[in-house]
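Structural description and commentary
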Amino acid sequence: MSDTQSPGWLHFFCGKIASGKSTLANQLVREENGVLVTEDSWLAALYPGEITGLAGYIEKSGLLKSVLAPHLADLLRAGNILVLDFPANTPLQRRWLKGLAEQAGCQYCCHVLSADDDECKRRLALRNQTGENPFTTSAEQFDLITAHFSYPAEEEGLVVSYR
């Protein structure tokens, strides 16, 4: 085994709730033999029943990120392809994800998915019925969360792929 390990690759996603982020994440894992890390799964397992609103999500997500960040950077430095199914829906979230790649010295791509609110709400209603996501999100919660959503701005300096 060589002493030099090529750095990994990081994929992350920007898109409204139910825009297809998790679907694309799973596709990339299969295509690139990547490692999937899903924020919703971790949050549901660590904080069952505790996240009932946006404030709770922000608090628990911040705790999770602070614990996972060093480990994720190590996995990237070890040459893994990481597919992080964490939302990159605000400048702060995108800075954290881009920072992981920078810490690890690896390349990354922010995949941006575009879907209108009506389509997302239709998909969300189906997702809520099937239970495929550990969290149920109402149309009202969708509107509240989407009010904080923004697409990446050029000044963020991100490597972006639009879908």
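Residues numbered from 1 in each chain as written. Predicted model: local features only at pLDDT ≥ 70, side-chain atom pairs only at ≥ 80, totals over all residues. Heavy atoms only, no water.

- The name given to the protein chain in an unreviewed UniProt entry is Cell division protein ZipA, and the organism recorded there is Morganella psychrotolerans.

1. Focus: the pairing of strand β1 (residues 9-14)
- Most of β1 sits out of view: 5 of its 6 residues are buried.
- Sheet topology places β1 next to strand β4 (residues 107-112); 6 bridges connect them, and they run parallel. What sits directly across from Cys-14, in β4, is Val-112. (Buried < 20%, exposed > 50% of the residue type's maximum accessible area, 1.4 Å probe, protein only. Helix = DSSP H or I, 4+ residues; strand = E, 2+ residues; numbered from the N terminus. Pairing = 2+ DSSP bridges.)

2. A few points about the sheet that holds β4
- Spatial strand order, β2-β3-β1-β4-β5: 5 strands in an open sheet with parallel pairing. Of all the strands in the sheet, the pair left with one neighbour each is β2 (35-38) and β5 (160-162). Here the strands of the sheet are splayed against their neighbours by 20° on average, with no regard to which way each runs.
- The strands touched by helix α2 (residues 39-46) are β2 and β3 (81-87); relative to β2, the strand with the most contacts, the crossing angle is about 50°. (Axes fitted to C-alpha atoms, helices over the stretch in contact; angles between N-to-C directions. Contact = heavy atoms within 4.5 Å.)

3. A short note on the side chain of Thr-137
- Of note, Thr-137 is situated in the loop between α5 (117-130) and α6 (139-146).
- In this structure, Thr-137 is in contact with Ile-17, Leu-124, Arg-127, Asn-128 and Phe-142, ignoring residues within four places of it in sequence.

4. Things to note about the pattern of salt bridges
- Scanning the model with the defined rule gives 9 salt bridges in all.
- The salt bridge involving Glu-102 is made with Lys-98; its shortest N-O contact spans 3.9 Å. With Glu-102 and Lys-98 both in helix α4 (residues 91-104) and 4 residues apart, this pair spans about one turn of that helix. (Salt bridge = Lys/Arg side-chain N within 4 Å of Asp/Glu carboxyl O.)

5. So, the environment of Glu-32
- Following the sequence through the fold, Glu-32 ends up in helix α1 (residues 21-32).
- For the pair formed by Glu-32 and Leu-82, sequence separation is 50 residues and the distance between their alpha carbons is 9.5 Å.
- With sequence-adjacent residues up to four places away left out, Glu-32 is seen in contact with His-11 and Ile-81.

6. What to know about the nonpolar core
- Core analysis: the biggest nonpolar cluster contains 28 residues, and Leu-10, Phe-12, Leu-72, Leu-84, Phe-86, Leu-97 and Leu-100 have the highest contact counts within it.
- For this core, the secondary-structure elements that each account for two or more residues are β1, α3 (54-77), β3, α4 and β4.
- No other element matches α3, which puts 6 residues into this core.
- Those residues in contact with Leu-10 that lie beyond four places of it in its chain are Leu-76, Leu-82, Leu-84, Leu-97, Leu-100, Ala-101, Cys-106, Gln-107, Tyr-108 and Cys-109. (Core = buried A, V, L, I, M, F, W, Y, C linked by side-chain atoms within 4.5 Å.)

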